[in-house]
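Each chain, letter by letter, is given below.
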Amino acid sequence: MSNTEKTVRIAHDTVKNVDIEVDRDALIQLMRDGRQVDFVLDSVREDADGYMKWDVEFWSYLENNRFVRTYALEGRTLREYTRFNIYDMADEFVMERAKEIRIS
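What you are looking at is a predicted structure, and each value in this text was computed from that prediction instead of being measured.

What counts, and at which threshold
- Residues numbered from 1 in each chain as written.
- Predicted model: local features only at pLDDT ≥ 70, side-chain atom pairs only at ≥ 80, totals over all residues.
- Heavy atoms only, no water.
- Helix = DSSP H or I, 4+ residues; strand = E, 2+ residues; numbered from the N terminus.
- Rg over C-alpha atoms; globule rule 2.2 N^0.38 Å.
- Buried < 20%, exposed > 50% of the residue type's maximum accessible area, 1.4 Å probe, protein only.
- Contact = heavy atoms within 4.5 Å.
- Areas by Shrake-Rupley, 256 points an atom, 1.4 Å probe, with all protein chains shown as cover.
- Phe/Tyr/Trp six-rings, centres within 6.5 Å; stacked < 30°, edge-to-face > 60°.
- Pairing = 2+ DSSP bridges.
- Axes fitted to C-alpha atoms, helices over the stretch in contact; angles between N-to-C directions.

Q: Describe in detail the overall build of the protein chain, supporting the description with residues and values.
A: Tallying secondary structure elements over the protein chain gives 2 helices and 7 strands in all. Each helix (α) and strand (β) of the protein chain, taken in turn from the N terminus, gives the series β-β-α-β-β-β-β-α-β. Computed over the C-alpha atoms, the radius of gyration of the protein chain is 13 Å, within 12% of the 13 Å expected from 2.2 N^0.38 for a compact globule of 104 residues. Structurally, the protein chain occupies a C-alpha span of about 35 × 30 × 30 Å along its principal axes. Taking all 104 residues of the protein chain together, 36% fall into the buried category. Residue pairs at least 24 apart in sequence account for 46% of intrachain contacts in the protein chain once pairs closer than 6 positions are excluded. With the model as given, the accessible surface of the protein chain reaches about 6700 Å², and the carbon-plus-sulfur share is 43%.

Q: Mind laying out the packing of aromatic side chains, listing which residues take part and the relevant values?
A: Summed over the entire model, instances satisfying the criterion amount to 5 aromatic pairs. When the centroid spacing of 5.3 Å and the interplanar angle of 35° are considered together, the rings of Trp-59 and Phe-84 count as tilted. Taken together, the residues span a long stretch of sequence, with Trp-59 in strand S4 (residues 53-61) and Phe-84 in strand S6 (residues 76-85) at a distance of 25 residues. Note on Phe-84: relative accessible area 6%, which makes it buried.

Q: Tell me about the sheet that holds S6, and please be specific about residues and values.
A: The 7 strands are arranged S2-S1-S7-S3-S4-S5-S6 in an open sheet whose pairing can be described as mixed. Lying at the two open borders of the sheet, with one neighbouring strand each, are strand S2 (18-22) and S6. For this sheet, the mean angle separating the axes of adjacent strands, direction not counted, is 30°. When S4 meets strand S5 (residues 66-73), the two strands line up antiparallel, connected through 6 bridges. Pairing of Trp-59 across the sheet is with Arg-69, part of S5.

Keep in mind that these numbers describe shape and distance, not what the molecule does.
Written as structure tokens, this is what we have:
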């Protein structure tokens, strides 16, 4: 895929109960507008230290181009969270890892 092409995926809007086409920029704008974006991952992920494992990421906007990611594993919400600025999102907010995208 070239740098000008955008990945478009189908996401389920749980509030409106509809499926919509989204790309990365649209998901970030939805978060800025007060929505939460959930990535149900295609496999369990683990941090570099082996401290934490998760299979769902919950993304939200804080303010001033800052975002927070919280986690769940096997249906249980974890206490850990990570904050990111808009520049970090390029490496961390990866919708291609998700088997399902939900907007709430």
